[in-house]
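So you can see what is in the structure, the chains are spelled out below.
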Amino acid sequence: MGQITDGPVPKYAQLASILRRRIESGALAPGDPIPSETALEGEFGLARGTIRKAVAMLREEGVIVTTRGKGSYVADQNESRAGE
């Protein structure tokens, strides 16, 4: 599901979009961990810095939450909207 290409859209933004679509489709449900950096690196052939930028982008959007030492998880969209 999804492919990273060279072009005008930065690779981290493409990865964030792919992960966002997985979440929106239900492939990743609220509370599910997102794939690890190692898994994403293997799947897409991206550098860890690029993966971290994509994760940071999704975190800023409230799509995922990160717990230090545990990983990043799909946010409960009802909870994230409650604070708006």
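Remember, it's a predicted structure, so these values are computed and weren't measured experimentally. (Residues numbered from 1 in each chain as written. Predicted model: local features only at pLDDT ≥ 70, side-chain atom pairs only at ≥ 80, totals over all residues. Heavy atoms only, no water.)

## Remarks on the confidence of the model for the protein
Our working definition: Residue-level confidence of the predictor is what pLDDT reports, using numbers from 0 through 100. Only heavy atoms matter for contacts: two residues are in contact if any of them lie within 4.5 Å across the pair.
Confidence in the prediction for the protein averages 92 pLDDT; 92% of positions are at 70 or higher. When the criterion is pLDDT under 50, residues 80–84 qualifies, and its contacts beyond four places in sequence or with other chains add up to one contact.

## A few points about the side chain of Ser72
This is how the line gets drawn: Helical segments are the DSSP runs of H or I of at least four residues, strand segments are the runs of E of at least two, and each set is numbered from the N terminus. Polar contacts here mean pairs of N or O atoms no more than 3.5 Å apart (in protein, one a potential hydrogen donor and the other a potential acceptor; neighbouring residues in sequence count only if both atoms are side-chain atoms).
Mapped onto the secondary structure, Ser72 falls in strand β2 (residues 71–74). At 2.7 Å, the side chain of Ser72 forms a polar contact with the side chain of Thr66.

## A few points about the nonpolar core
Quick note on the threshold: For this analysis, a nonpolar core means a set of buried residues of the types Ala, Val, Leu, Ile, Met, Phe, Trp, Tyr and Cys, connected via side-chain atoms within 4.5 Å. The cut-offs for exposure are 20% and 50% of the maximum accessible area for each residue type, with area from a 1.4 Å probe on protein chains only; residues under the lower value are buried, those over the upper are exposed, and the others partly exposed.
Core analysis: the biggest nonpolar cluster contains 18 residues, and Leu15, Phe44 and Ile64 have the highest contact counts within it. Taken together, the elements giving at least two residues each to this core come down to α1 (11–25), α2 (37–44) and α3 (48–61). Broken down by element, the residue count for this core peaks at five residues, all from α1. Setting aside residues no more than four positions away along its own chain, Leu15 makes contact with Ile4, Leu40, Phe44, Leu46, Ile51 and Ala54.

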